[in-house]
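# A closer look at the structure
Now for the letters of each chain:
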Amino acid sequence: MYSFVATISAWAIPAIVVFIPLYAYFRRVPVYETFVEGAKDGFQTSINIIPTLVGMMVAISVFRASGAMDWMVSLFRPLLDMLGVPSEVMPLAFLRPITGAGSLAFTTDLIKTYGSDSLIGRIASTIQGSTDTTLYVLTVYFGAVGIRNGRYALKVGLFSDLVGFVAAIVVCLLVFGFIAG
């Protein structure tokens, strides 16, 4: 079964890359011209979102350099210690909604320091996979289409990140046997 899945995985992307232009050709769609037009639109979209991306990157740098993240972690540390949750994973709660690359680098550092089979490594990996870069997504996608008022999307996105963060911790504690029961 593993061999079958591995074969399908290896051929899925090349098959799609071949299938889509062939399908368009048989439907009499000008394949190359359509591709070039889409590439032009994508390039223009990239140019349009540069100012919002620069603003977000500056905000991330200020947040980390100012010590605000360290202060917020120290604020939650007593509660996490009382619940038996390692406070080392707390920065992911703040980094993950802001930056995918930054949170991945932090997760990688945690895994190098504590090991991939440690509670910290497992929780960090689960958080990385079960939350999203909400602020980045809102910045890029809302900036691309010109949405100026995204306050409801921001609230829902950050709430879902909080739920994903808490669920990742609870599931890891339950599944990996760190909660007696």
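Scope of this entry: the structure provided in the associated data block. (Residues numbered from 1 in each chain as written. Predicted model: local features only at pLDDT ≥ 70, side-chain atom pairs only at ≥ 80, totals over all residues. Heavy atoms only, no water.)

### Observations regarding a nonpolar patch on the surface
As a reminder of what qualifies: Residues enter patches when they are more than 30% accessible in relative terms and free of salt bridges; like-charged ones are connected within 9 Å and nonpolar ones (Val, Leu, Ile, Met, Phe, Trp, Tyr) within 5 Å. For accessible areas, the Shrake-Rupley method is used with a probe of radius 1.4 Å. Any residue's cover is judged against the shown protein chains and nothing else. Salt bridges are identified by distance alone: a Lys or Arg side-chain nitrogen within 4 Å of an Asp or Glu carboxyl oxygen. Labels follow the DSSP assignment, with helices taken as runs of H or I lasting at least four residues and strands as runs of E lasting at least two, numbered in each case from the N terminus.
Residues Phe159, Leu162, Val163, Val166, Val170, Val171, Leu174, Val175 and Phe176 make up a contiguous nonpolar surface patch of about 810 Å² in total accessible area. Mapped onto the elements of the fold, phenylalanine 176 is located in the segment after helix 8 (151-175).

### Focus on the packing of helix 5 (residues 100-114) against helix 6 (residues 119-130)
Let me state the cut-off plainly: The axes used here are C-alpha line fits, helices contributing only the stretch in contact, and every angle between their N-to-C directions lies in the interval 0 to 180 degrees. Comment on the angle field: the value is read as roughly parallel under 35 degrees, roughly antiparallel over 145, roughly perpendicular from 65 to 115, and oblique elsewhere. In this scheme the handedness of a crossing depends on how the near helix is turned from the far one: anticlockwise by less than a right angle means left-handed, clockwise means right-handed. By definition in these notes, contact holds between two residues if any of their heavy atoms fall within 4.5 Å.
Following both chains from N to C, one finds helix 5 and helix 6 inclined at 165°, their axes separated by 9 Å at the closest point. Between helix 5 and helix 6, the angle is such that the two are roughly antiparallel. When the axes of helix 5 and helix 6 are compared, the crossing they make is left-handed. In this structure, helix 5 uses Gly100, Ser103, Leu104, Thr107, Leu110, Ile111 and Tyr114 to contact helix 6, whose residues at the interface are Ile120, Gly121, Ala124, Ser125 and Gln128.

### A short note on the environment of phenylalanine 142
Filter applied, for reference: For each residue, the accessible area found with a 1.4 Å probe, counting protein chains only, is set against the maximum for its type, and the residue is called buried under 20%, exposed over 50%, and partly exposed in between.
Along the chain, phenylalanine 142 turns up in helix 7 (residues 134-145). The partly exposed category is assigned to phenylalanine 142, whose relative accessible area is 21%. Sequence separation of phenylalanine 142 and isoleucine 49 is 93 residues, and the distance between their C-alpha atoms is 9.0 Å. Discounting chain neighbours no more than four positions away, the residues touching phenylalanine 142 are Val137, Ile147, Gly150 and Ala153.

### Quick notes on the packing of aromatic side chains
Rules: Paired rings are identified among Phe, Tyr and Trp, the last through its six-membered ring, by centres lying within 6.5 Å, and are further divided according to the angle between planes into stacked (under 30 degrees), edge-to-face (over 60) and tilted (the rest).
Inspection of every chain in the model, using the stated rule, returns three aromatic pairs. On the basis of an interplanar angle of 25° and a centroid distance of 5.7 Å, the ring pair of phenylalanine 19 and tyrosine 23 is categorised as stacked. Residue phenylalanine 19 and its partner tyrosine 23 are located together in helix 1 (residues 2-26), separated by four residues, close to a single helical turn. Exposure remark for tyrosine 23: the relative accessible area of 44% places this residue in the partly exposed category.

### Section: the pattern of salt bridges
Counted by the stated rule, this structure contains one salt bridge. For aspartate 117, the salt bridge identified is with arginine 122, shortest N-O distance 3.8 Å. Among the residues examined, aspartate 117 registers a relative accessible area of 59% and is labelled exposed.

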